[in-house]
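Geometric and topological summary
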Amino acid sequence: MARSARTSEISKAKAAASARPAPRAEEGQDAIQLRSLQLAHEAESRYRASDEELLHFYEQMVLIRRFEEKAGQLYGLGLIGGFCHLYIGQEAVAVGVQSALDPARDSVITGYRDHGHMLAYGIDPKVIMAELTGRAAGISRGKGGSMHMFSVEHKFYGGHGIVGAQVSLGTGLAFAHKYRGDGGACVAYFGDGAANQGQVYESFNMASLWQLPIVYVVENNGYAMGTAVRRGSAETHFYRRGTAFRIPGLPVNGMDVLEVRRATDIAIAYVRAGNGPVLLEFNTYRYRGHSMSDPAKYRTREEVQEMREKHDPIDHARDELLKRGVAEDAIKAIDKKLRSVVTEAADFAENSPEPDLCELGTDVLVESY
Ligand SMILES: Cc1ncc(C[n+]2csc(CCOP(=O)(O)OP(=O)(O)O)c2C)c(N)n1
């Protein structure tokens, strides 16, 4: 088609679009529903934590940071094998989200970057570290490793190495909550890269159609392995990705634990009220490479440095505690305690026996659980 003919086709299409009738009332209702989370968040964007609560969030974030640093060291020493994806930089997301859940009834599922979520859910650092080092005392009896941790007791359903799989499985967990009428909701975490997987949208469709109690959480850390979001995603505002399925979304600063908590409260209230799924996008950053074997050549040192210096979630919480008048000694005491908690976890993991060889044939098929 000649250029002038194509230009006139485009002008015709534009004219037709502008001549369209005004939106019907029900379309207006949809727009209100899709923006409902944002309106609640604009009215109040941060959770009003007491000093004790903020101190507790600080403690959990520092635990994750120190644990992950230690895991990195053990990997370097050859005590952890296989894959290992660290959560350093993203701590505020797991801590803020998990603090809003009811562990007695809500379920959680995530991808392979899972140690931080388990720690935020109160699972013993010793059994997580023992899993990383492949010991029998590990939470998956040393047979899952970093990416495949699981705890039915804590309603923590993994730990998944297949990118995006947890979104469909989480939708199934949400279906189970609804079917059983247990009042629980599922939180399914996934990355910005996973958000481009087809099964995510099949899941969104079903969850919305059946009004399932699920909070979809995109942890947008800027990169999918070495691919920056802008290079791999046509729509980089991930909170909008549910719009076609009438799933309301909310973009959130994932480097501020109180903002994360407030957004999750809004989301959980919406979901528990039987309104169906929601989609939260937490904008965050990972300081380390994708996994331990990533030289991270796709970004500059300055970029990482800038995030660490200006947006660190732990520094942010610490500054806020100090501004509120919480004694520096109380903060230092937490830091000291956690160093020994993590050292003990590492000692436990190093000194525990490996699984017996006959364990190779167990847990291969699960019947009922
Ligand atoms: C189905 C599938 N495709 C590809 C991979 C390889 N892979 C592992 S991680 C990853 C990137 C995922 O990035 P993102 O979802 O943003 O999560 P992040 O690592 O940033 O937490 C890819 C493509 C995989 N594990 N599974």
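Please refer to the structure higher up on the page.
First things first, this report covers the structure right here in the doc. Every chain is numbered independently, its residues counted from 1 as its sequence is written. Where totals are concerned, whole chains, interfaces and linings use all residues; where local detail is concerned, this predicted model gives features only for residues with pLDDT of at least 70, and gives and counts side-chain atom pairs only at 80 or more.

Description of the overall build of the protein
Applied cut-off: Every helix listed is a DSSP run of H or I at least four residues long, and every strand listed is a run of E at least two residues long, numbered separately from the N terminus. Atoms counted for the radius of gyration: C-alpha only. Globule rule: 2.2 Å times the number of residues to the power 0.38. Any residue whose C-beta has 12 or fewer other C-beta atoms within 10 Å is treated as exposed, any with 20 or more as buried, and any in between as partly exposed, C-beta atoms being built from the backbone. A pair of residues counts as a contact when their C-beta atoms, built from backbone coordinates, are within 7 Å of each other.
A tally of helices and strands in the protein yields 14 helices and seven strands. Relative to its length of 369 residues, the protein is compact, with a C-alpha radius of gyration of 22 Å against a globular reference of 21 Å. Structurally, the protein occupies a C-alpha span of about 75 × 55 × 50 Å along its principal axes. Relative to its 369 residues, the protein shows a buried fraction of 44%. Taking contacts inside the protein between residues at least 6 apart in sequence as the whole, the part at least 24 apart equals 76%.

So, the site of the ligand
Threshold: Any residue qualifies as near a molecule or strand once its backbone-derived C-beta atom lies within 6 Å of it. Throughout this entry, Asp, Glu, Lys and Arg are counted as charged residues, while Ala, Val, Leu, Ile, Met, Phe, Trp, Tyr, Cys and Pro are counted as nonpolar. The remaining residues, Gly among them, count as polar.
Not every one of the 14 residues close to the ligand is listed here, only the nearest: Val 163, Gly 191, Gly 193, Ala 194 and Ala 224. When residues of the shell around the ligand are traced back to their parent elements, those giving at least two are strand 2 (186-191) and strand 4 (223-224). Across the shell around the ligand, the residue classes break down as seven nonpolar, five polar and two charged.

So, helix 7 (residues 125-132)
Taking burial as the measure, the eight residues of helix 7 include eight buried ones, the bulk of the element. Every buried residue of helix 7 is accounted for by Pro 125, Lys 126, Val 127, Ile 128, Met 129, Ala 130, Glu 131 and Leu 132. In this fold, the buried residues of helix 7 make contact with helix 4 (51-76), helix 6 (115-120) and helix 14 (328-351). Directly beyond the C-terminal end of helix 7, a positive phi value near 70° is found at Gly 134.

Observations regarding the nonpolar core
Inclusion rule: As used throughout, a nonpolar core is a set of buried Ala, Val, Leu, Ile, Met, Phe, Trp, Tyr and Cys residues joined through C-beta atoms within 7 Å of each other.
Counting residues in each nonpolar core, the largest one holds 88 residues, and the members touching the most others are Met 61, Ala 188, Ile 214, Val 215, Val 217, Ala 267 and Leu 280. Here the element with the most residues in this core is helix 4; it accounts for 10 residues. Look past the residues within four positions of Ile 214 in its chain and what remains in contact with it is Gly 170, Thr 171, Ala 174, Ala 185, Cys 186, Ala 188, Ala 207, Val 271 and Pro 277.

Overview of helix 8 (residues 165-180)
Where we set the bar: The span expected for a helix works out to 1.5 Å for each residue beyond the first. Along the arc lie the directions from the helix axis toward the C-beta atoms.
With 16 residues, helix 8 should reach 22 Å at 1.5 Å per residue; the first-to-last C-alpha distance of 23 Å fits that figure. Every buried residue of helix 8 is listed here: Gln 166, Val 167, Gly 170, Thr 171, Leu 173, Ala 174, His 177 and Lys 178. What you see down the axis of helix 8 is that its buried residues fit within an arc of 160°, all on one side. Every exposed residue of helix 8 that faces more than 90 degrees away from the buried side is listed here: Tyr 179 and Arg 180. Buried residues in helix 8 make contact with strand 1 (107-109), strand 2, helix 9 (198-209) and strand 3 (214-220). Positioned one or two residues after helix 8, Gly 181 has a phi angle of 65°, which is positive.

A short note on the sheet that holds strand 6 (residues 249-253)
The cut-off we apply is this: At least two DSSP bridges between two strands are required for those strands to pair. Only the stretch in contact is used when a helix axis is fitted, and all axes are lines through C-alpha atoms; the angle between N-to-C directions ranges over 0 to 180 degrees.
Within the open sheet, the five strands sit side by side as 1-2-3-7-6. Their pairing is parallel. The strands lining the two open edges of the sheet, one partner per strand, are strand 1 and strand 6. Taking each pair of neighbouring strands and ignoring which way they run, the sheet shows an average axis angle of 20°. Note that strand 2 and strand 3 share six bridges and pair parallel. Bridging from a neighbouring strand, Tyr 189 pairs with Val 217 of strand 3.

Some details on the pairing of strand 2
With six of six residues buried, strand 2 lies mostly within the body of the structure. Across the two faces of strand 2 the burial is the same, with Cys 186, Ala 188 and Phe 190 and Val 187, Tyr 189 and Gly 191 all buried. Note that strand 1 and strand 2 share three bridges and pair parallel. Opposite Ser 107, over in strand 2, you have Cys 186 as the bridge partner.

Remarks on the packing of helix 4 against helix 13 (residues 313-324)
As a reminder of what qualifies: Each angle is binned into one of four classes, with values under 35 degrees roughly parallel, values over 145 roughly antiparallel, values of 65 to 115 roughly perpendicular, and all other values oblique. Definitions for this section: a left-handed crossing has its near helix turned counterclockwise from the far helix by less than a right angle. A right-handed crossing has that turn clockwise.
Following both chains from N to C, one finds helix 4 and helix 13 inclined at 150°, their axes separated by 10 Å at the closest point. When the axes of helix 4 and helix 13 are compared, the pair comes out roughly antiparallel. With respect to the hand of their crossing, helix 4 and helix 13 are arranged in left-handed fashion. Across the interface between the two elements, Asp 51, Leu 54, Leu 55, Phe 57, Tyr 58, Met 61, Val 62 and Arg 65 of helix 4 pack against Pro 313, Ile 314, Ala 317, Arg 318, Glu 320, Leu 321 and Arg 324 of helix 13. Here the contact of helix 4 with helix 13 is built from residues that sort into 10 nonpolar, no polar and five charged.

Here we look at unusual backbone geometry
One non-glycine residue, Lys 155, lies in positive phi territory at about 55°. Tracing the sequence through the fold places Lys 155 in the loop between helix 7 and helix 8. Overall, Lys 155 belongs to the partly exposed group, with 19 C-beta atoms counted inside 10 Å. Positioned with a positive phi, Arg 246 is a non-glycine residue whose angle comes to about 60°. Counting through the fold element by element, Arg 246 comes out in the loop between helix 10 (229-232) and strand 6. Residue Arg 246 is classed as partly exposed on the basis of its C-beta count, with 15 C-beta atoms lying within 10 Å.

So, the packing of helix 3 (residues 36-43) against helix 11 (residues 257-272)
Two elements in contact, helix 3 and helix 11, have axes separated by 10 Å at closest approach and are oriented at 140°. One way to sum up the angle between helix 3 and helix 11 is to call them oblique. The hand of the helix 3/helix 11 crossing is right-handed. The segment helix 3 lies against helix 11, with Leu 37, Ala 40 and His 41 engaging Arg 262, Ala 263, Ile 266, Ala 267 and Tyr 270. In terms of residue class, the contact of helix 3 with helix 11 is built from six nonpolar, one polar and one charged.

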